[in-house]
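Coordinate analysis (summary)
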Amino acid sequence: MGDDSEWMKLPIDQKCEHKVWKARLNGYEEAQKLFQRITDEKSPEWGKFLGLIKKFVTDSNAVAQLKGLEAALTFIGNAHVAGKTTGEVVSGVVTKVFNQPKARAKELGSDICLMYIEIEKAEVVQDELLKGLENKNPKIVVACIETLRRALSEFGSKIMTLKPVVKVLSKQFESREKAVREEAKLLAVEIYKWIRDALRPPLQNITSVQLKELEEEWVKLPSSPPKQTRFLRSQQDLKAKFEQQQAQGDQSDGEDEVETVAAVDPYELLEAVEILSKLPKDFYEKIEAKKWQERKEALEAVEVLSKNPKLESGDYGDLVRALKKVVGKDANVMLVSLAAKCLAGLAAGLRKKFGTYAGQVVPTILEKFKEKKPQVVQALQEAIDAIFLTTTLQNLSEDILAVMDNKNPSIKQQSSLFLARSFRHCTQATLPKSVLKPFCAALIKQVNDSAPEVRDAAFEALGTAMKVVGEKAVNPFLSDLDKLKLDKIKECADKVELPGGKKGAGGGSGGGGDKKPAAKAPVAEAPSKSSGPPRKTQSAASKPSAGPSKKGKPTSAAGGKSKKTADSKETLESELSPEVCEDLAGGVLPASCLQQLDSANWKERLASMEEFQRAVETMDKAVMPCQALVRMLAKKPGWKETNFQVMQMKLHIVALIAERGQFSKTSASVVLDGLVDKVGDVKCGGNAKEGLTAIGQACSLPWTAEQVVSMAFAQKNPKNQAETLNWLANAMKEFGFAGINVKGFINNVKTALGATNPAVRTAAITLLGVMYLYMGAPLRMFFEDEKPALLSQIDAEFEKMQGQSPPAPIRFTKKTAAAEEDGDEGEDQEEDGEGGHDIMDLLPRTDISDKITSELVSKIEDKNWKIRKEGLDETAAIISDAKFITANIGELPLALKGRLSDSNKILVQQTLTILQQLATAMGPGLKQHVKALGIPVITVLGDSKLNLRTAAMATLQAWVEQTGMKEWLEGEDLSEELRRENPFLRQEVLGWLAEKLPSLRTVPGDLMLCVPQLYTCLEDRNGDVRKKAQDALPTFMMHLGYDKMVKAAGKLKPASKDQVVAMLEKARAVMPAKPAAPAKPGGGKGSAEPSRAASASRSQPASDELDSKPEVKKVRGGAAAKKGAAGKKPAAKSLKDEEDKSGPIFILVPNAKEQRIKEEKQLKILKWNFITPRDEYVEQLKTQMSTCFAKWLQDELFHFDFQRHVKAIGVMIERLESESEATISCLDLILKWFTLRFFDTNTTVLMKVLEYLKLLFAMLNRENYHLTEYEANSFAPYLILKVGESKDVVRKDVRAILGMLCKVYPASKVFPFLMDGTKSKNSKQRAECLEELGCLIEGYGMNVCQPTQAKSLKEIAVHIGDRDTSVRNAALNTVVAVYNVCGDQVYKLIGNLSEKDMSMLEERIKRSAKKTPAAPAKQSATERSQREHPTNPNATFLRKPAQEDPNKLKIMYRTYRIQARQNAQLSESSHPSIPKEFQLDLDMIEMDQSRVCELPDLVQHKLDELLEPIMIPEPKMRSVSPHFDDLHNSTASTINFVISQVASGDINTSIQALAQIDEVLRQEDKAEVMSGHIDQFLIATFMQLRLIYSTHMADDRLDKKDIIKLYSCIIGNMLSLFSMESLAREASMGVLKDLMHGLITLMLDSRVEDIKDGQQLIRSVNLLVIRVLEKSDQTNMISALLVLLQDSLVTTAGPMFSELVMKCLWRMIRFLPETINTINLDRILLDVHNFMKVFPKEKLKQLKSDVPHRTLKTLLHTLCKLTGAKILDHLSMIENRNESELEAHLRRVVKHSGNLSGLKSDRGNEKSGLRTEDRMSKAKVSDILSEIFKKIGSKENTKEGLTELYEYKQKYSDADVEPFLKNTSQFFQSYVERGLRLIESEREGKARIQTSTVIPQHGVESSLSSNNEELKPAVYYERLKILRQRQGLENTSRQGIGGSEDEPQQRPAISSLLSSKPSVASSTDMLHSKLSQLKESRELYQQEHNSHSHSPTHAHTRSASPAANLDDLKKRLERIKSNRQ
């Protein structure tokens, strides 16, 4: 019992975990009591048990487990947190409870599952139970099924999702366990109760016996649907209702029940089947077969597959096309009906996914209705009905309308019947007036058709439409029908049964209950195209209304309402006879008035008019017989009245009647002719216009305008025409543009433009100007074909109107109010809203479908890409020729869709261009192609190439502009696209949605389908995708609502869910408001977008500047104004706030900062340390700021619109000086806020932030303020993040700020921050931090290295091995900086480095030793001299480039950085001492210079001379221009500077420099100045080529046009340079090698081909390469190519590269016959020797390609052929020749060619005696050789024998010794070979010592003789170089000949011998010597630089620094000093 007492004392939760089961049992009992006691569901007590509940239910002891289950059930029912345990507990129940033998345990387990469902965790529970069905233990399976059944019966099918259950149900029927089968049967019965027959298809596969049993059970079930009996916690209101109903004894009326059970679509429960892969392999061949039986077989195979009720989505394009072809073209009607069945099956199986193909198939089916056979007709009907369900009526409208006036009555009949059937599936929402109107017009024609079946079908269709949308909606379209026909339509309407037995909107009344849906209907409908057959002018509004233009200019759409059908009886009033008129008029007018109307006396007529006017003025509107009155006025003399006073009165009365009476169009027709006739009259014109305006108000302006214009142009009076147009222009301004049918009078306007009378032309142009205000650019399209002179006048008028907004309308069509009450006008407005598109509708469109032939389509789909391209070109041409096209484009959509996924990206790009073209050409008709062609464009957004993505996005935007967004968001297509795991696609699509959604007022419900994908994107691996998804979240929420989004998040995994819900919370805060309804009557119509934008912008209060400006801007940009929250908030601000802004922005709170520091130290607040800022940090900062920041400023700083941030920073900049003290007091908070901005991606904000920080640190420095550690720690690390920014400007600013930071915070403390920065993943950041570290060490010495020097340097040195070049370079530079400060100690500090890294470092240190040491001191001095010498213009000029762009050349930029740093630190820094001989003198010179300011120019001049290379005398030039040297000196520095800019990282700088050089090169006389700079120029060029290749081309932000421009400049320059042989020959071997490398790499760069003009560029490079090969020094060129080939084979640069190098070599070989005398054979053979050393014959043959081997053989063979045996004299530069494979090869070749060609030239020179010897008989030869071999064989004479053999072989080089050696041993053969080689080497040794002086001589002579004409210094130089190389090689050979005084010059040679390569200066070495020079030319004052900048390695480069000799330098310095004195 002792044990018991121990656990009795434990707390409950510990008991529950105790190892003794009794303790646990007791714990569970107590826990249950505790759970029942706790009343607060959110009590913290619950939390203690969260982790234990799973143990409660899985207890291993059965007794304890029962108690545990009871306790768990109580916990779940009462605890708020219980939901978190769902997954683990239910899984525990399934595995550990359901297998228990005790029924009670199972029951409790089941109760727990249901309780979880009650607390809203149905999905998790269901998943776990379904997992349980896969358990091997049948007990568990049975219990799971039973629990599922209970859950379904209690909670119903709304809460339990049945699809997954039904999926696994049939599997349970196959179980071997009877219990499982029985339980499955019970579950099936339960499911059947809820979804009825939807369950049948999924259970088709179970056995017939089981099915029969089920059928029997199902029959017994009651027919009334079941009800939910248990409710979720969130359904308490339903529960109360249910209980109430129970109490009332179930007397509910059954309607609610319908609500409780939503019908389940059986389709949803089915598994999709993939059929495309199952098609017969030969299907496409068979379907084209000639025998109908084969075609039938193919179709039957498809029919079987298409019977699957649900099909997997895929590309069914080809299959649909094949079936369509059968339906359209096959002669066998049986096959036609079979194909139709297949199409019906596909449509039914694919549903919405078939919508893409609907547009192609429907026209064919409609045409095929001409068939009479009932079976065919029936099959076609089934097919078209199935297809209709996959798309919308709107998408098919154009196809249906096209066949409605077909000659064939069957087609008309079946089309109408199809419409009737289709209408049944529509609702008021899906059948808006815009769609219905054209159909009704077409059907009305058919009602009068001669064929009775056509009439009946039309009646049925109209009746159905009436039933669906209500009589009231259809009546306006039926105004022309007589009563009989109307009755027939109503009769049909009564017969119609709508699906689902619902009552239509029908009846006569349109019923009160229907009003609501009617109002809502159009909201769902995006602006739709009301296209149809050409309409008659039957009523005003059957014209498309042309509301606001595409540009979204604010229009008067709110105004000019068309009077349309306000009261259809009056609009078309019947004509009255003259007698009736007189009676009516007599009733209202005085008798005298009527009598005098036609009196002969004008005064009587005038009196009559006056009476008439009085009568009209007093008459009651209701009784005024307008038509009668106007007919009286028209009575003789009528409009022929001659007295102008009477006429004026008459016209005035017309206006009065029109204004006051119910004036119909019939009345208007009576008077209009007369009015128009008088418009041009001088005296009556004004009154006539007044009358026209009044009629416009009465009968709508659109109608009146059309009538008036056509009447005016029917007359010939130009005055009337001009005035009519003037009146119309004015009327448009007064009424607005709504409803105007431009097409109606555009032809008349064209006539007017061509009129001879200038007044008419002017009036027409003025009218066009007014129309332009409303229509914008599309208006010009009508006049494209006018004469240029006229067009320019029109354009000038348009130009005047540009930027003006149309005036608000002041007149309106009457009866708008009445119409509104009729609920009719409201919908009219919907059409007005479509204005933007309607203007496009007015354009005359061409039907191009006949041009889209099957040949064209097959071209576009051809296997050969060139033919595909041809097809696309033709398509583009067709579209551009047609300008505007109809929506019918045949099979083009499918063909183009295929090209969007073309493997050839150029074609994809072209297709996208065509699609953009299509969008403009087709206008709104594009909608029906969205599914087929638009969605595939979205797929292209996933392409890895940026240019394609950009093009795809441009295409997408162009399409959306025409179609609106609705079509894109409908269906699953968009969500399918987002499902692709492609980061590019996801970020593009989400960005696009985030941009488009805020401007939509309504979206289709299908947007919900994208939400799961959106949530996936929120957790995508790719940061950009996550960012875009977060941006899109609020825009989704604004349409779908927060609750729906949270509910959707419930389906995610718990971890993801928490994250997503948190993001939803954030998004909720920034959710944009929905755009407001349009500010006009009849609002709330979704399709009125364009006018909404306009009116929104107009209705802004003028004072509200903040809001209205952005608004207007947006309206211009797109059709709909984005009215987001950003635009709304400021509107609420009051003026009071504005005034507050004048106060201080920072409040100085004493000691507040200290307090904050203290709190952070004590951990009372969060330490400012994060990877990305979390909300709590932002909140904390807000709180801290609230005490010391002005309220309004804080609001701006934390506003979510970045423009507010920019504004706030602007204010802070303004107040920086005036509030410096307060700024410092809040400095920590300011800096913290800026760190948050570093995490924004907006560059505008970032640049503003950096601007402020620079000013801030400058101010802190002036105030001598030092940052506290607390401030630095919370700012510096985040600033360093930005050092790695990709944009140059940002990096530059950040570096400047880091430099300033060191003034207000110790550099030694900044150092560790930078060290942390080097650990970043961002390579740019690593590189920049390392550079900064180098600068710190350079500026402040080694003491800055913290914590210890060794540790820091080890960390820095690690980066020498980094994979990124810039990081490696930066690390090396930094270590070199250390070396400059502390010398060789650096090697100790950096620790062990890998061999490779160490060699790189040593190399870099060696190089820098020649340049850097003097830098620091020198800079400061330079700086001083410049500060005190502002008068010296050259000094400032030279400084400029350094300040402007510190990135001119990689190496130089360090120097500038140091320089800039030193400028900043002049006062503080102590310079490290520099042990250099002349340091002091030079410093002195500079100091002196700064003190003596009389002779600055002189000094400058001298220095200039000192810096310049020494010119080698040039005799010829001297004679021509003795001043050449001076000229050269003055220009050399300029050229150096310009060349340095060629390699600039900035494209524009480089282009400008190239342009300057090109200028020089193009002028023959000036080009000479480039001499001596060629290598330097070429180096800069190929550096730029490398930069473009590696950096610019990869940089997506750069415009590729700029890169092409830069490439063109480079190539242009090179072509100029290499067209001048004298300059071209100056290029040295190393440089040519690198240049060729750069050019060949460019030729092979596939990225260039993809750019526009890329192909052209590559052709130019080709040309350039040929020019370089021809014009360069041939020796250098061949050497360069050999070395390049060797490198490319070693590094395996790629077969194409080596191949091109070899092609170049072959070209050089082709030149050899002409150039053999000028080339230096020795050097070429040395290169070949080196090549063969690296690639011996065997190794060459092992290469994949034998071309290198062949190339080498060809080269040597050609050389031998050209020089013969003499070639063997040219091996002088090769050491130990006997080891060289080359010599042996040459000997073989020489011998061989001697045998072949008889070497005539040599033979002629030899003695005739030799000839006889030559012809020695073979017998004699063999005798001699056998003698020799005997000697070798004997011991005594072996030496003699070998010598004889050697001499014999020398004499008869072609003698064959092979047969003699063949039979000897291997040992003997090698002995002979070795002996011969020894003798050869002995003789060679002697010969060489004799000839070493002779050979160069020979070389010189030959070149002298050949090169006489141009003996330039370069030539001497070249020779000197060759001699040097030879001597160098000689000196360092084993014999060790040579003297010590030569040592300095020999060093390079030794180093080069160490490598296997020849001693040719590589261009990189050369580059450094060049760069050192460039530095000199930039920094004219720094002479000391010369002493180390000259690199002795390059004594042979012409322009190497002249100051190699120190004595020389001394002398010059002396000279300077003496000059000064």
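Residues numbered from 1 in each chain as written. Predicted model: local features only at pLDDT ≥ 70, side-chain atom pairs only at ≥ 80, totals over all residues. Heavy atoms only, no water.

Further remarks concern the overall build of the chain. Looking only at helices and strands, the chain has 111 helices and 0 strands in total. Across the 2021 residues of the chain, 54% fall into the buried class. A sequence separation of at least 24 residues applies to 75% of the contacts in the chain between residues at least 6 apart. (Helix = DSSP H or I, 4+ residues; strand = E, 2+ residues; numbered from the N terminus. Buried < 20%, exposed > 50% of the residue type's maximum accessible area, 1.4 Å probe, protein only. Contact = heavy atoms within 4.5 Å.)

This part takes up the packing of aromatic side chains. According to the stated counting rule, one finds 28 aromatic pairs in the structure shown. Both rings, one in tyrosine 772 and one in phenylalanine 798, keep their centres 4.3 Å apart while their planes meet at 10°; by these two values the pair is stacked. Residue tyrosine 772 is located in helix 41 (residues 758-775), and its partner phenylalanine 798 is located in helix 42 (residues 788-801); the two are separated by 26 residues in the primary sequence. Side by side, tyrosine 772 and phenylalanine 798 carry an identical accessibility label, which is buried. Members of the aromatic cluster, connected to one another through ring pairs, are Tyr28, Phe35, Trp46, Phe49, Phe56 and Phe75. Taking NZ or CZ as reference, arginine 949 lies 3.9 Å from the ring centre of phenylalanine 984, over its face. (Phe/Tyr/Trp six-rings, centres within 6.5 Å; stacked < 30°, edge-to-face > 60°. Lys NZ or Arg CZ within 6 Å of the ring centre and 35° of its normal.)

Together, Lys1737, Lys1741, Lys1753 and Arg1788 give the surface a local cluster of positive charge. By secondary structure assignment, the location of arginine 1788 is in helix 99 (residues 1781-1797). Overall, arginine 1788 belongs to the partly exposed group, its relative accessible area being 42%. (Patch = residues over 30% accessible without salt bridge, like charges linked within 9 Å, V, L, I, M, F, W, Y side chains within 5 Å. Areas by Shrake-Rupley, 256 points an atom, 1.4 Å probe, with all protein chains shown as cover. Salt bridge = Lys/Arg side-chain N within 4 Å of Asp/Glu carboxyl O. Lys, Arg positive; Asp, Glu negative; His and termini not counted. Charge placed at Lys NZ, Arg CZ, Asp CG, Glu CD.)

Take the environment of tyrosine 116 next. Note on placement: tyrosine 116 falls in helix 8 (residues 103-118). A relative accessible area of 0% means that tyrosine 116 is categorised as buried. For tyrosine 116, the residues in contact, after removing those within four places along its chain, are Ile76, Ala82, Thr85, Thr86, Val89, Val90, Lys121, Ala122 and Val125. Of note is the side chain of tyrosine 116, whose polar atom sits 2.6 Å from the side chain of threonine 85. (Polar contact = N/O pair within 3.5 Å; in protein donor to acceptor, adjacent residues only side chain to side chain.)

All right, on to the side chain of aspartate 1020 then. Among the structural elements, aspartate 1020 can be located in the loop between helix 55 (1011-1018) and helix 56 (1023-1040). Judged by its relative accessible area of 14%, aspartate 1020 falls in the buried class. Side-chain polar atoms of aspartate 1020 contact the backbone nitrogen of asparagine 1022, separated by 2.8 Å. Leave out the neighbours within four places in its chain, and aspartate 1020 touches Arg986, Val1025 and Arg1026.

This model, assessed by the stated rule, comprises 79 salt bridges. Across the salt bridge formed by lysine 286 and glutamate 297, the nearest N and O atoms sit 2.6 Å from each other. Pair noted here: lysine 286 is in helix 17 (residues 283-286) and glutamate 297 is in helix 18 (residues 292-306), with a separation of 11 residues, a long-range link. According to the relative accessible area criterion, glutamate 297 is partly exposed, its value standing at 42%. Glutamate 641 serves as the salt-bridge partner of arginine 605, at 2.6 Å between the closest nitrogen and oxygen. Remark: glutamate 641 occurs in the loop between helix 34 (626-634) and helix 35 (644-660) and arginine 605 occurs in helix 33 (residues 602-618); sequence separation between them is 36 residues. With respect to burial, arginine 605 and glutamate 641 carry one shared label: buried.

The next point concerns the packing of helix 21 (residues 355-368) against helix 22 (residues 374-388). Packing of helix 21 against helix 22 leaves a shortest axis separation of 10 Å and a crossing angle of 155°. Relative to helix 22, helix 21 is oriented roughly antiparallel. Considering the relative orientation of helix 21 and helix 22, their crossing is left-handed. Counted together, Ala358, Val361, Val362, Ile365, Leu366 and Lys368 of helix 21 and Leu380, Ala383, Ile384 and Ile387 of helix 22 form the full contact between these two elements. (Axes fitted to C-alpha atoms, helices over the stretch in contact; angles between N-to-C directions. Parallel < 35°, antiparallel > 145°, perpendicular 65-115°, else oblique. Left-handed = near helix turned anticlockwise from the far one by under 90°.)

A separate point is the packing of helix 93 (residues 1654-1671) against helix 94 (residues 1674-1690). Each pair of packed helices gets described by two things: the angle between the helix axes and the distance between those axes. Relative orientation of the contacting elements helix 93 and helix 94 amounts to 125°, with a least axis distance of 7 Å. Viewed along their axes, helix 93 and helix 94 adopt a mutual orientation that is oblique. Residues Val1668, Leu1669 and Glu1670 of helix 93 lie in contact with helix 94, whose contacting residues are Gln1674, Met1677 and Leu1681. Its residues assigned to classes, the contact of helix 93 with helix 94 comprises 4 nonpolar, 1 polar and 1 charged. (Nonpolar A, V, L, I, M, F, W, Y, C, P; charged D, E, K, R; others polar.)

A few words now on unusual backbone geometry. The amide bond that connects glutamine 1346 to the next residue, proline 1347, takes the cis arrangement and shows omega of -5°. Backbone geometry at asparagine 1151 places phi at a positive 60°, although glycine is not the residue there. The class of asparagine 1151 is exposed, set by a relative accessible area of 57%. The phi angle at asparagine 1264 is positive, at roughly 55°, despite the residue not being glycine.

All of the buried residues along helix 73 (residues 1307-1317) are Ala1307, Val1310, Phe1311, Phe1313, Leu1314, Met1315 and Gly1317. Those residues of helix 73 that are buried lie in contact with helix 70 (1269-1273), helix 71 (1276-1281), helix 72 (1288-1304), helix 74 (1323-1340) and helix 75 (1349-1358).

So, on to the confidence of the model for the chain. Taken residue by residue, the chain gives an average pLDDT of 76. The fraction at 70 or more is 76%. Confidence drops under pLDDT 50 across residues 816-837; counting only partners more than four residues distant or on other chains, this segment forms 68 contacts. (pLDDT = per-residue confidence, 0-100.)

By the secondary structure assignment, leucine 1664 is in helix 93. Overall, leucine 1664 belongs to the buried group, its relative accessible area being 0%. If sequence neighbours within four positions are ignored, leucine 1664 has contacts with Ile1611, Met1614, Leu1615 and Leu1639.

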